[in-house]
Amino acid sequence: MTGQGTASITIEGGCHCGAVRFEADVPGHVRLLSCNCSMCAKTGFLHMIVPHGDFRLIAGHDALTSYRFGTGAAEHLFCRTCGIRSFYQPRSHPDSWSVDFRCLDEGHGVAAEIEAFDGRNWEAARTALADD
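All residue numbers refer to positions counted from 1 along the written sequence of the respective chain. Owing to the predicted nature of the model, reporting of local features is limited to residues with pLDDT of at least 70; listing and counting of side-chain atom pairs is limited to 80 or more, with chain, interface and lining totals taken over all residues. Calculated side-chain values reflect all of the structure's heavy atoms, with hydrogen atoms and water omitted.

Q: How would you sum up the side chain of His76? Please name residues and give values.
A: Considering the arrangement of structural elements, one finds His76 in strand 7 (residues 75-79). Each residue's exposure class comes from its accessible area (1.4 Å probe, protein chains only) as a fraction of the maximum for that residue type: buried when under 20%, exposed when over 50%, partly exposed otherwise. With a relative accessible area of 5%, His76 lands in the buried category. The contact rule is simple, with two residues in contact once any of their heavy atoms fall within 4.5 Å. Every residue in contact with His76, bar those within four places of it in the chain, is listed here: Met39, Thr65, Ser66, Tyr67, Phe69, Arg85 and Tyr88. Strands are runs of DSSP state E lasting at least 2 residues, helices are runs of H or I lasting at least 4, and numbering of each runs from the N terminus.

Q: Provide a residue-level description of the sheet that holds strand 9 (residues 96-100), including the pertinent values.
A: Sheet strands line up and pair through hydrogen bonds in the backbone, either parallel or antiparallel. Reading across the sheet, the 7 strands line up as 6-7-8-9-4-3-10 and stay open at both edges, with mixed pairing between neighbours. In the strand order of this sheet, the two ends are held by strand 6 (64-67) and strand 10 (111-117), each with one partner. Across the sheet, the axes of successive neighbouring strands diverge by a mean angle of 35°, strand direction being ignored. In short, DSSP must find at least two bridges between two strands for them to pair. Examined bridge by bridge, strand 8 (residues 87-89) and strand 9 share 2 bridges and lie antiparallel to one another. If you follow Phe87 over to strand 9, its bridge partner there is Val99. Geometry is summarised by axes, namely lines fitted to C-alpha atoms with helices restricted to the contacting stretch, and by angles between N-to-C directions that run from 0 to 180 degrees.

Q: Provide a residue-level description of the pattern of salt bridges, including the pertinent values.
A: The salt bridge criterion pairs a side-chain nitrogen of Lys or Arg with a carboxyl oxygen of Asp or Glu, the two atoms within 4 Å. Following the criterion strictly, the structure yields 6 salt bridges and no others. The partner of Glu23 in a salt bridge is Arg56, and the shortest N-O contact between them spans 2.9 Å. Within this pair, whereas Glu23 is found in strand 2 (residues 21-27), its partner Arg56 is found in strand 5 (residues 55-59), the two being separated by 33 residues in sequence. Judged by its relative accessible area of 28%, Arg56 falls in the partly exposed class. With its nearest N and O atoms 3.4 Å apart, the salt bridge here joins Glu75 to Arg68. Judged by relative accessible area, Glu75 falls into the partly exposed class, the value being 23%. Note on Arg68: relative accessible area 46%, which makes it partly exposed.

Q: Tell me about the environment of Ser34, residues and numbers included.
A: Tracing the backbone through its elements, the reader meets Ser34 in strand 3 (residues 29-35). In this structure, the C-alpha to C-alpha distance between Ser34 and Glu115, residues 81 residues apart in sequence, is 6.0 Å. Among residues more than four places away in sequence, those in contact with Ser34 are Leu46, Ile114, Glu115, Ala116 and Phe117.

Right, dumping it as structure tokens:
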């Protein structure tokens, strides 16, 4: 989740092969969510929540493929070429993208704190997010 009132910086990132590229305006210090759900536990995704208005897809719209499971509320977007999910639409934050912190370009300058998120028990964990 973005966080703590520090000045905004513009970061860039993307998939492994470079077909998908994005940029976003984020605080200099962010809180990341490390989720233990079946998808995130297997991929190591570190969630940085970025409001839709602060995120720009600069390349690769046509390179993205979509996958939905469970409730279908989340839209997981993968690069067709390399298979990397650098960002997606989470069900927990319908007005934001979840960007994988590990997909940011080196030298981004963002400081981060990692918080565990119990995605295996999604309903209870989602309620706890609302208390933030």
